[in-house]
Amino acid sequence: MGSEIELTVGVLALQGAFNEHIQLLREAENILEAKDIVSRTWVFKEVRTEAQLKSCDALIIPGGESTAISLVAQRCGMMEPLRDFVKVDRKPTWGTCAGLILLAEAANQTKKGGQELIGGLDVRVNRNHFGRQTESFQANLDLPFLREADGKNFNTVSKPFRAIFIRAPIVEKILKHVVGVQKDEEKVDETVVAPSRPIDDQVAEKIHLGDVEILGTLPGRAAAFKEDETKKIDTKAGDIIAVRQANVFGTSFHPELTGDPRIHVWWLEQVIQAIEKRKNL
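So, here's what we can say about the structure. (Residues numbered from 1 in each chain as written. Predicted model: local features only at pLDDT ≥ 70, side-chain atom pairs only at ≥ 80, totals over all residues. Heavy atoms only, no water.)

## Points about the nonpolar core
Here's step 1: Phe165, Phe253, Trp267 and Leu268 are the most contacted members of the largest nonpolar core, which totals 41 residues.
Here's step 2: For this core, the element with the highest residue contribution is helix H8 (residues 262–278), accounting for eight residues.
Here's step 3: The contacts of Leu268, once residues within four sequence positions are left out, are Val9, Leu25, Ala28, Glu29, Leu32, Trp42 and Phe44.
Here's step 4: Core analysis: the next-biggest nonpolar cluster, separate from the first, contains 33 residues, Leu53, Ile69, Ala73 and Val248 among them. (Core = buried A, V, L, I, M, F, W, Y, C linked by side-chain atoms within 4.5 Å. Buried < 20%, exposed > 50% of the residue type's maximum accessible area, 1.4 Å probe, protein only. Helix = DSSP H or I, 4+ residues; strand = E, 2+ residues; numbered from the N terminus. Contact = heavy atoms within 4.5 Å.)

## Let's talk about unusual backbone geometry
Here's step 1: Although it is not a glycine, Glu190 sits at a positive phi angle of roughly 50°.
Here's step 2: Within the secondary structure, Glu190 sits in the loop between helix H6 (183–186) and strand S10 (191–193).
Here's step 3: In this structure, Ala246 is a non-glycine residue whose phi angle is positive, near 55°.
Here's step 4: Summarising the element assignment, Ala246 is placed in the loop between strand S12 (239–245) and strand S13 (248–251).
Here's step 5: Overall, Ala246 belongs to the partly exposed group, its relative accessible area being 31%.

See below:
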């Protein structure tokens, strides 16, 4: 028997629902342990410092207030280490709601100078797309990518993922990958753009950034509410609410608040695959 493989997953704990993520990661670990033939030790930790971040193989940026997370990260010297982790070292990173905003290369409804972005996903997000907190809602989602995790419980056609949207963003536009800053986005009113960071040369040999993949859409908000004849039916469909580009995954909604660990199971499996690819770096 070989020695156990130890993997460390951090959850950025500057503000937001970081504890809820850690609880679901532990549930996901138990599910993986039951079916994994390779012995692994998972370490899940709160991340508040650069040293803690450097000890991580992967990172989650939780839901919360993206402006608050950004400001705290700047004040405690974490913004540049986060950009290095995501964009230079290209380690697996998942952002939920506020985390998706921070991982976008561009975000609108934002005053210039009011919030900094980490970047990593070639998308423009529309902040608070669905309105105020009082307009938060839940919706059943079919997320085909979850079927990669196997098992009948991961089929979201027969068992939809009940997603929670709280002042949620959507991906408004898929951007072309460019070398440097997204200069065209700088010309858009009330839009902030992430600074450029070149990928590490050795990492680039193993990771192909490629295009942004759309992994989930919201099929019209009417599906999220009980039928109400006094309201006009919203027939618009197809808001983008889950995306992936190489090492970076983002969701508009809050899986950490559902008690449903299926996305966390899938993501940990993605982390394992990503680390396997990097072994020879």
